[in-house]
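So the chains spell out like this:
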Amino acid sequence: MQPTPLDVAPPGLAARAEAARAWWRRERPLNAMLFVSLVAILGGIALARALDFRPAQHQGLWRGGLAHAFEAHYDQAFPLKQLGVNLWAAIDYQLFGEGLPGVVVGKDGWLYTDEEFKLDNDSPALVDRHLALVGWVGRALTQRHVALLVAVVPAKARVYPEHLGRRRPPELRQALYARALDALQAEGVATVALLEPLSAGKREQPTFLRTDTHWTPYGARVAAQAVAMRARGLVEGGRAFHSQPDGSRTYRGDLFNFLPLDPWFASLLPPPDRLTPWRTMDSDHAGSLLGDAPAAQVALVGTSYSAEAQWNFAGALEQAMHADVLNYAKDGEGPFAPMLAYLDSDDFRTSPPKLVVWEVPERYLPLPQAALAAYHLPPGVSTGRVATSAAVRGPQAREGGSFSHVTSQP
């Protein structure tokens, strides 16, 4: 099944948008009057509560005690402050389909991270730089006789474009997934294209969460199976693992944080997701959990898609590959810094695996990665060209066999 192109607008969207604009023009004077009245009422209440403030004699102005005391008094005496925050968010959400910076509001209760739509002024150069870094890592691992599989995670907006509504990713992002795969393959980096299995899998169960940036546990299993198929012959299987559901619960996605409607207008929010986490265990040693084996053949590096246990991507990989997986993914650092940290780790230097699975979401490729500032990168990476020299700590490179380790700055 071919996914719907991101640049195709839903039927009737232009007509609905024009009708909404016409309604807004007709109702603008009344809405403006109501809004000004509300602001005046809230302002009057706030002023009255502020006049009730009586500071203690020991609270000084210069040390900040007076300011903190006033803030505490205001918060306690004016609980309607939260109403103002919620009301403004409700107006944005209901009338304009907008939230705070960080979220793109789609249709049918679907929310998307705006990282899938952003472009930096240097985005074309950043894409080249990050792809060059991946290529350099692949060459460096080859020097240590370690195989690399890069699992490129497609944007949620690419897998579920039918719920986007009026917003569309810019042109560079629309072509980004295919461009990244082509560039990495040209560099000789083995890739796992997850777009097709995640798009096909959604016919059975959701592969991405509706109100969160991440894939579902089912989507993680689909991705793990695709990686395992691509990894055949790279690792020796033979280990038995089994997975089981670990209860079911209501899940409040991370994108709700950008819709501050709770508590006054919580009823306007999309319904939360339903999450069923899975837990993977070693069938041969029932008491041991995933990652306990001291000499795993596979290392997993990546982002929160891999690091967060509730998606169970590492466990799904173990079951699909019949091999132990050690998880070096990190949350909140993007895909690149965790890999550089792993290459500089004692674990890698003393016990390199046979295979490194690197989970790389496409949405990070055009964006600045602040965590990379802690590392000395190969000179060619900064210009988008793969360099043979290694990243170094300070002015000297540390050699480890035939491999120059990427190291963090002191």
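Bear in mind the structure is a predicted one, so any value in this text is a computation, not a measurement.

Our next topic: the packing of aromatic side chains. Under the definition given, this model contains 8 aromatic pairs. Here the aromatic residues Trp 110, Tyr 112 and Tyr 160 are joined through ring pairs into a cluster of three or more. Between Lys 156 and the ring centre of Tyr 112, over which it is positioned, the NZ or CZ distance is 5.2 Å. For the cation-ring pair, Lys 202 lies above Tyr 160, with the distance from its terminal atom to the ring centre recorded as 4.6 Å.

Here we come to the pairing of strand β9 (residues 298-301). Residues of β9 alternate between two faces, with Val 298 and Leu 300 on one and Ala 299 and Val 301 on the opposite face, all of them buried. In this structure, β9 lies alongside strand β10 (residues 325-327), joined through 3 bridges in parallel fashion. Bridging across to β10, Leu 300 finds its partner in Asn 327.

Grouped together as the largest cluster of nonpolar side chains are 79 residues, with contacts concentrated most on Leu 194, Trp 215 and Trp 358. Top element by residues in this core is helix α9 (residues 217-230). It accounts for 8 residues. Apart from the residues within four sequence positions on either side, Leu 194 is in contact with Ala 151, Val 152, Val 153, Pro 154, Tyr 177, Trp 215, Ala 223 and Ala 226.

Here the focus is unusual backbone geometry. With omega at 15 degrees, the peptide bond leading from Asp 262 into Pro 263 counts as cis. By the element assignment, Pro 263 lies in the loop between β6 (249-251) and β7 (273-275). Phi is positive for His 145, close to 60 degrees, though the residue is something other than glycine. Inspection of the secondary structure assignment puts His 145 in the loop between α4 (123-143) and β3 (147-153). Here Asn 312, not a glycine, exhibits a phi torsion of approximately 60 degrees, which is positive. Within the fold, Asn 312 resides in the loop between α10 (304-307) and α11 (313-321). You can call Asn 312 buried: its relative accessible area is 8%.

It is worth spelling out the sheet that holds β3 at this point. Sheets are built from strands that pair by backbone hydrogen bonding, the pairs being arranged parallel or antiparallel. Strand order in the open sheet formed by 5 strands is β4-β3-β11-β9-β10, and the pairing between neighbours is parallel. Only two strands of the sheet have a single neighbouring strand rather than two, namely β4 (190-193) and β10. Taken over all neighbouring pairs, the strand axes of this sheet differ in orientation by 25 degrees on average, direction set aside. Here β3 pairs with strand β11 (residues 355-361) via 7 bridges, running parallel. If you follow Val 152 over to β11, its bridge partner there is Val 360.

One pass over the full model with this rule turns up 12 salt bridges. We note a salt bridge from Arg 158 to Glu 362, for which the minimum N-O separation is 2.8 Å. With Arg 158 in helix α5 (residues 156-159) and Glu 362 in the loop between β11 and α14 (379-382), the pair connects residues that are 204 residues apart, well separated along the chain. With a relative accessible area of 10%, Arg 158 lands in the buried category. Taking the shortest distance from any N to any O, the salt bridge between Asp 346 and Arg 349 comes out at 2.5 Å. Here Arg 349 and Asp 346 lie together in helix α13 (residues 346-350), a separation of 3 residues that amounts to about one turn. Through salt bridges with shared partners, a single ionic network connects Arg 239, Asp 282 and Asp 324.

A few words on the packing of α4 against helix α12 (residues 336-343). Packing of α4 against α12 leaves a shortest axis separation of 11 Å and a crossing angle of 25 degrees. Judged on the interaxial angle alone, α12 and α4 are roughly parallel. Crossing hand, α4 versus α12: left-handed. Judged by residue contacts, His 130, Leu 133, Val 134, Trp 136, Val 137 and Leu 141 of α4 engage Phe 336, Met 339, Leu 340 and Leu 343 from α12.

Take α4 next. Look at α4: 30 Å from first C-alpha to last across 21 residues, which is about the 30 Å you get at 1.5 Å a residue. At the exit of α4 stands His 145, carrying a positive phi of roughly 60 degrees.

A word on the packing of α9 against α11. The contact between α9 and α11 brings their axes to 8 Å, and the two run at 40 degrees. Classed by the angle they form, the pair α9 and α11 counts as oblique. When you trace α9 past α11, the crossing you get is right-handed. Residues Ala 220, Arg 221, Ala 223, Ala 224, Gln 225, Val 227 and Ala 228 of α9 pack against Phe 313, Ala 316, Leu 317, Ala 320 and Met 321 of α11. Per-class residue counts for the contact of α9 with α11 are 10 nonpolar, 1 polar and 1 charged.

Turning to helix α7 (residues 176-186), a few remarks are in order. If you check which residues of α7 are buried, you get Leu 176, Tyr 177, Ala 180, Leu 181 and Leu 184. What you see down the axis of α7 is that its buried residues fit within an arc of 130 degrees, all on one side. Away from the buried face of α7 by more than 90 degrees, exposed residues Asp 182 and Ala 186 are located. The inward-facing, buried residues of α7 contact α4, β3, α5, α6 (171-174), β4 and α8 (195-201).

Rules used in this analysis
Residues numbered from 1 in each chain as written. Predicted model: local features only at pLDDT ≥ 70, side-chain atom pairs only at ≥ 80, totals over all residues. Heavy atoms only, no water. Phe/Tyr/Trp six-rings, centres within 6.5 Å; stacked < 30°, edge-to-face > 60°. Lys NZ or Arg CZ within 6 Å of the ring centre and 35° of its normal. Buried < 20%, exposed > 50% of the residue type's maximum accessible area, 1.4 Å probe, protein only. Helix = DSSP H or I, 4+ residues; strand = E, 2+ residues; numbered from the N terminus. Pairing = 2+ DSSP bridges. Core = buried A, V, L, I, M, F, W, Y, C linked by side-chain atoms within 4.5 Å. Contact = heavy atoms within 4.5 Å. Axes fitted to C-alpha atoms, helices over the stretch in contact; angles between N-to-C directions. Salt bridge = Lys/Arg side-chain N within 4 Å of Asp/Glu carboxyl O. Parallel < 35°, antiparallel > 145°, perpendicular 65-115°, else oblique. Left-handed = near helix turned anticlockwise from the far one by under 90°. Expected span 1.5 Å × (residues − 1). Nonpolar A, V, L, I, M, F, W, Y, C, P; charged D, E, K, R; others polar. Arc of directions from axis to C-beta.

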